[in-house]
Protein chains: 2
Amino acid sequence: MKKIIVDTYGADIGHVEIIRGTLDAVMEIDDLHVVIVGDERIIRDMMKTYGTDESRVEIVHTDKYVTNDDPPTCVFKGKDDTSMVMSLDRLSKSDDVMGMISAGNTGALMVGSIFRVGLVKGLMAPALSTAIPCGKNGLVCLVDCGANVECTPEDLKRYALMGNAFMQSLLGEEHPKVGLMSVGREDGKGNTLTKAAFELIKPLDLNFVGNVEGSDLADTELDVVVTDGFTGNILLKNTEECGRAALRIIDSYSDGSEACKNIRNAIVEKFDFNTRGGATFLGLKKTVVKMHGCAVADTVGACIRQIIRIEDRGFSAKVAQAIAE
Amino acid sequence: MKKIIVDTYGADIGHVEIIRGTLDAVMEIDDLHVVIVGDERIIRDMMKTYGTDESRVEIVHTDKYVTNDDPPTCVFKGKDDTSMVMSLDRLSKSDDVMGMISAGNTGALMVGSIFRVGLVKGLMAPALSTAIPCGKNGLVCLVDCGANVECTPEDLKRYALMGNAFMQSLLGEEHPKVGLMSVGREDGKGNTLTKAAFELIKPLDLNFVGNVEGSDLADTELDVVVTDGFTGNILLKNTEECGRAALRIIDSYSDGSEACKNIRNAIVEKFDFNTRGGATFLGLKKTVVKMHGCAVADTVGACIRQIIRIEDRGFSAKVAQAIAE
């Protein structure tokens, strides 16, 4: 049995769409059981409409939620009845649950995850990794993409190890290609941080290709790109926006032909990662996936499939082992 | 009279194309005089073929050049007979020259510029700024885009002032919009560096819009984006590569129709800045423009026009004044 918790609040599109996506996933994914945390009346009504198998759905009722204006530390006080905190508590207390997904406030989700789910031994903070569809071979893991804007060389070393474990689990590939984001490909290029990180990552038992540069993301053969959360956040948002800028150009010149449609679809396929997945916290005892605020119903299924895929290959255990070594 | 020095060596495409671009520029730009530093025999042959007005061309002969494998400090020893060093020397000694362009080794050009042309008072190093065509209103100045990978808050403050002076000169716009690259738009977002820089930039007499984020470059209303050279270099290369990735998609699906051609042209217009201009060092006593290694003949004219445009509006003096204040 695969059991996943879904926090239904936090997406811009509204909780009803997230509930809909969750019920769709129950229909589509064999053997999936969900714990839906949200408005019970609405969930029950929708289950009736959809004819959802009730034995595969557990409802945890609340209509309270953390907002994007709440500070990250809000999870410590007065938010115990919100969907995010109730989801995290349920995750920490249930041995049979594979992971949880939430589209809520990233900072609150990170702090809540640390204190309610817990970090693997040896870590002070989780990293946030996004699997973006820019690679020549499909997905590329960008880590850290925004959780830690101030990093040490040791942090980058841990990101390399955890990103590697993540992509091993996601791709089933024994030796993912790992690169360190810098200002040039030659050894010795970079700032103080990346130069020191390079020396720490090089001796690790990884398929480390060395330094990579800004042009090595959009059509890359890499599987993991390691960087600090400041650079990673900017890189991620820039890549997404370049895709949107290209789409605006295509839409303004398209004549509706098959060729123009194909171009548009391929650009969406390459650059629109917001609606098709989530960011995974690396270094937690259990898997928490943060859906983007602009998640749509289909995003839920994509995130659930991702959790099943990585946990089937023992992702959380792999990360704990990598950090312990 | 407008006089510009052209170092003909350093471009991947070869010096002959750079000479051709220079002679084209002499034909096209009224009142332009050039000092061409390169192989005299080839230059004279091409001038004959082109029927170039000899009174507007001065040739400084050399067939020696700095390579991309030379270390930046090579300019100190044994390179006095190279086209780059001879160009820099000519620039420093000539009061009637507006500036110079070179496609050579960036590090060597930077070090050579500092020691042979000189910095404006108050600076320890120049910044490298690229005017990229991503903006809603046209060009956006990204500074620093790679000269200084380790920056202080005071450096970012100076980049804001110099980027402002550059865009005032380039656009003839009194109050360019200046943004500080960070991980979110709200005040207080960022790392230690940008938070401190924010406090230093805010009180300046600039049209400072505050923090901007990774998605604020590709289709921006900003005129100046301030960032450290590590982030700027990665951002610049990522943006270019996203454009190239979009072009590869377009080329693989295009049916050759007018619509597909228009889409392609607009993407090139937005993202292909390599061949259409250069990066300007900010903070030197005279203007030095670094053409990209992949410069083509037309790039020369574009860079010459840029120097004329900014120097006609007193760019170098504006920068010196901004730093002095």
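So, a few notes on the structure that sits alongside this text. Predicted model only: the values in this text are computed from it and were never measured. The residue numbering used here restarts from 1 in each chain and proceeds along that chain's sequence as written. Naming scheme: in the order in which they are written, chains are lettered from A and ligands are numbered from 1. Residues qualify for local features only when their pLDDT is at least 70, as the model is predicted, and side-chain atom pairs are given and counted only at 80 or more; totals for whole chains, interfaces and linings, by contrast, use all residues. Excluding hydrogens and water, the side-chain values take into account all heavy atoms of the structure.

Structural notes on the overall build of chain A
Logical step 1: Strands are runs of DSSP state E lasting at least two residues, helices are runs of H or I lasting at least four, and both sets are numbered from the N terminus onward. Secondary structure summary: chain A contains 10 helices and 11 strands in total.
Logical step 2: The reference for a compact globule is 2.2 Å times residues^0.38; the radius of gyration itself is calculated from the C-alpha atoms. Rg of the C-alpha trace for chain A: 20 Å, near the compact-globule value of 20 Å for 325 residues, within the 12% margin.
Logical step 3: On the principal axes, the C-alpha backbone points of chain A span a range of 60 × 55 × 35 Å.
Logical step 4: Only protein chains enter the accessibility calculation, which uses a 1.4 Å probe; a residue whose area is less than 20% of its type maximum is buried, one above 50% is exposed, and one in between is partly exposed. Evaluated residue by residue, chain A yields a buried proportion of 62% over its 325 residues.
Logical step 5: Contacts are assigned to residue pairs with any non-hydrogen atoms lying within 4.5 Å of each other. When contacts within chain A are restricted to residue pairs at least 6 apart in sequence, those whose partners lie at least 24 apart make up 71%.
Logical step 6: Accessible area for chain A stands at about 12600 Å²; split by element, carbon and sulfur atoms hold 48% of it.
Logical step 7: Treating the 36 positive side-chain charges of chain A as one cloud and the 48 negative ones as another, the clouds have centres 2 Å apart. We get accessible surface area from the Shrake-Rupley algorithm with a probe of 1.4 Å; when it comes to residues, only the shown protein chains can shield them. Charged residues are defined here as Lys and Arg on the positive side and Asp and Glu on the negative side; His and the ends of the chain fall outside this count. Each charge is placed at NZ for Lys, CZ for Arg, CG for Asp and CD for Glu.

Considering the interface of chain A and chain B
Logical step 1: Each partner contributes to the interface: chain A provides 46 residues, whereas chain B provides 46 residues.
Logical step 2: Two parts placed together each lose some accessible area; with a 1.4 Å probe, that loss summed over both constitutes the buried area. Summing both sides of the interface, chain A and chain B together bury roughly 3700 Å²; the carbon and sulfur share of this comes to 71%.
Logical step 3: For salt bridges, the criterion is a side-chain nitrogen of Lys or Arg within 4 Å of an Asp or Glu carboxyl oxygen. Our enumeration of links across chain A and chain B arrives at 4 salt bridges.
Logical step 4: Salt-bridge contacts for E213 of chain A lead to K237 of chain B; the nearest nitrogen and oxygen are separated by 2.7 Å.
Logical step 5: Two N or O atoms count as a polar contact when they lie within 3.5 Å, although within protein this holds only if one can serve as hydrogen donor and the other as acceptor, and sequence-adjacent residues are included solely when both atoms are side-chain atoms. Counting the contacts that link chain A with chain B gives 10 residue pairs in polar contact (both at pLDDT 80 or more).
Logical step 6: Every element with two or more residues in the side of chain A that touches chain B is listed here: α6 (192-201), α7 (229-253) and α8 (258-271) of chain A.
Logical step 7: Class assignment for the residues of the side of chain A that touches chain B results in 20 nonpolar, 16 polar and 10 charged. Ten residue types, Ala, Val, Leu, Ile, Met, Phe, Trp, Tyr, Cys and Pro, are classed as nonpolar, four, Asp, Glu, Lys and Arg, as charged, and the remainder, Gly among them, as polar.

Topic: the pairing of strand β11 (residues 287-291) of chain B
Side chains on a regular strand alternate between the two faces of the sheet.
Residues and elements named next belong to chain B.
Logical step 1: By the criterion of burial, β11 is predominantly enclosed, with 5 of the 5 residues buried.
Logical step 2: Burial of β11 is two-sided: the residues T287, V289 and M291 facing one way and the residues V288 and K290 facing the other way are all buried.
Logical step 3: Sheet topology places strand β4 (residues 99-102) next to β11; 4 bridges connect them, and they run parallel. Along β11, the bridge assignment pairs M100 with V288.
Logical step 4: Sheet topology places strand β10 (residues 278-282) next to β11; 3 bridges connect them, and they run antiparallel. Any two strands with at least two DSSP-identified bridges between them are counted as paired.

Observations regarding unusual backbone geometry
Residue and element names in this part refer to chain A.
Logical step 1: D144 follows V143 through a cis peptide bond whose omega is 0°.
Logical step 2: Checked against the element boundaries, D144 lands in the loop between β6 (138-143) and α5 (153-171).
Logical step 3: In this structure, D31 takes a positive phi of about 65° despite not being glycine.
Logical step 4: In this structure, D31 sits in the loop between α1 (15-28) and β2 (32-38).

Here's the deal with the sheet that holds β4 of chain B
Strand pairing within a sheet occurs via backbone hydrogen bonds; the two strands may be parallel or antiparallel.
All names here are of chain B.
Logical step 1: Pairing is mixed in the open sheet, where 11 strands are placed in the order β3-β2-β1-β4-β11-β10-β5-β6-β9-β7-β8. In this open sheet, the two edge strands, each paired with only one partner strand, are β3 (57-61) and β8 (207-212). The sheet shows a mean angle of 25° between the axes of neighbouring strands, direction not considered.
Logical step 2: Of the strand pairs in this sheet, strand β5 (residues 127-135) and β10 are connected by 4 bridges, and their pairing is antiparallel. Of the residues in β10, the one forming a bridge with A127 is L282.
Logical step 3: Relative to the sheet, helix α2 (residues 40-50) contacts β2 (32-38) and β3, its axis offset from that of β3 by approximately 155°. Each axis is a line fitted through C-alpha atoms, and for a helix only the stretch in contact is used; angles between axes span 0 to 180 degrees, taken between their N-to-C directions.

Digging into the pattern of salt bridges
Logical step 1: Per the counting criterion, the structure on display carries 42 salt bridges over all chains.
Logical step 2: Put simply, R41 of chain B and D45 of chain B hold a salt bridge, and the shortest N to O gap is 3.6 Å. On the criterion of helical spacing, the pair formed by R41 of chain B and D45 of chain B is a turn pair, its members being 4 residues apart in helix α2.
Logical step 3: Assessed through its relative accessible area of 57%, R41 of chain B is described here as exposed.
Logical step 4: In this structure D45 of chain B comes out as partly exposed when scored by relative accessible area, which is 39%.
Logical step 5: With its nearest N and O atoms 2.4 Å apart, the salt bridge here joins E58 of chain B to R90 of chain B. Highlighted residues: E58 of chain B in strand β3 and R90 of chain B in helix α3 (residues 83-93), separated in sequence by 32 residues.
Logical step 6: Within the structure, one salt-bridge network assembled from shared partners comprises D219 and K270 of chain A together with E241, R244 and R248 of chain B.

Here's the deal with the relation of the copies chain A and chain B
Logical step 1: Taken as rigid bodies, chain A and chain B are interconverted by a rotation of 180° and an axial shift of 0.0 Å, the fit giving an RMSD of 0.1 Å. Read as a symmetry element, the transformation amounts to a two-fold axis.
Logical step 2: The share of interface residues of chain A whose copies in chain B are also at the interface is 100%, consistent with both copies meeting through the same surface. Least-squares superposition of the copies uses the C-alpha atoms of those residues scoring a pLDDT of at least 70 in each of them.

Description of the side chain of T62 of chain B
Logical step 1: Relative to the assigned elements, T62 of chain B resides in the loop between β3 and α3.
Logical step 2: Once residues lying within four places of it in the same chain are set aside, the contact partners of T62 of chain B are Y9, V37, G38, D39, D81, T82, S83 and M86 of chain B.

Points about the environment of I19 of chain B
Logical step 1: Note that I19 of chain B resides in helix α1 (residues 15-28).
Logical step 2: Setting aside residues up to four positions removed in sequence, I19 of chain B forms contacts with T8, I42, I43 and M46 of chain B.

With respect to the packing of α1 of chain B against α2 of chain B
All names here are of chain B.
Logical step 1: One way to put it is that α1 packs onto α2 with a least axis distance of 10 Å and a crossing angle of 45°. Judged by the angle between their axes, α1 and α2 are oblique. Regarding α1 and α2, the two cross each other, and that crossing is right-handed. Residues H15, V16, I19, R20, L23, D24 and M27 of α1 pack against I42, I43, M46, M47 and Y50 of α2.
Logical step 2: Residues belonging to the contact of α1 with α2 are distributed by class as follows: 9 nonpolar, 1 polar and 2 charged. Under this scheme an angle from 65 to 115 degrees is roughly perpendicular, one under 35 degrees roughly parallel, and one over 145 degrees roughly antiparallel; angles in between are oblique. A clockwise turn of the near helix away from the far one marks a right-handed crossing, whereas an anticlockwise turn of less than a right angle marks a left-handed crossing.

A look at the sheet that holds β6 of chain A
Residue and element names in this part refer to chain A.
Logical step 1: In space, the 11 strands of this open sheet follow the order β3-β2-β1-β4-β11-β10-β5-β6-β9-β7-β8, with mixed pairing throughout. Every other strand in the sheet has two partners, leaving β3 (57-61) and β8 (207-212) as the edge strands with one partner each. The mean inter-strand angle of the sheet, taken between neighbouring strand axes irrespective of direction, is 25°.
Logical step 2: Strand contacts of α1: β1 (2-7), β2, β3 and β11 (287-291), with the helix running at about 165° to β2, the strand carrying the most contacts.

Side note on α2 of chain B
Residue and element names in this part refer to chain B.
Logical step 1: Along α2, the residues classified as buried are I42, I43, M46 and M47. All buried residues of α2 lie within an arc of 135° about the axis, which places them on one face of the element. Away from the buried face of α2 by more than 90 degrees, exposed residues R41, K48 and T49 are located.
Logical step 2: On the buried face of α2, the contacting elements are α1, β2 and β3.
Logical step 3: Backbone nitrogen of R41 and a side-chain oxygen of the N-cap are separated by 3.2 Å at the start of α2; the cap is D39.
Logical step 4: Just past α2, the residue G51 takes up positive phi, approximately 65°. Taking the helix axis as origin, the arc is that swept by the directions to the C-beta atoms.

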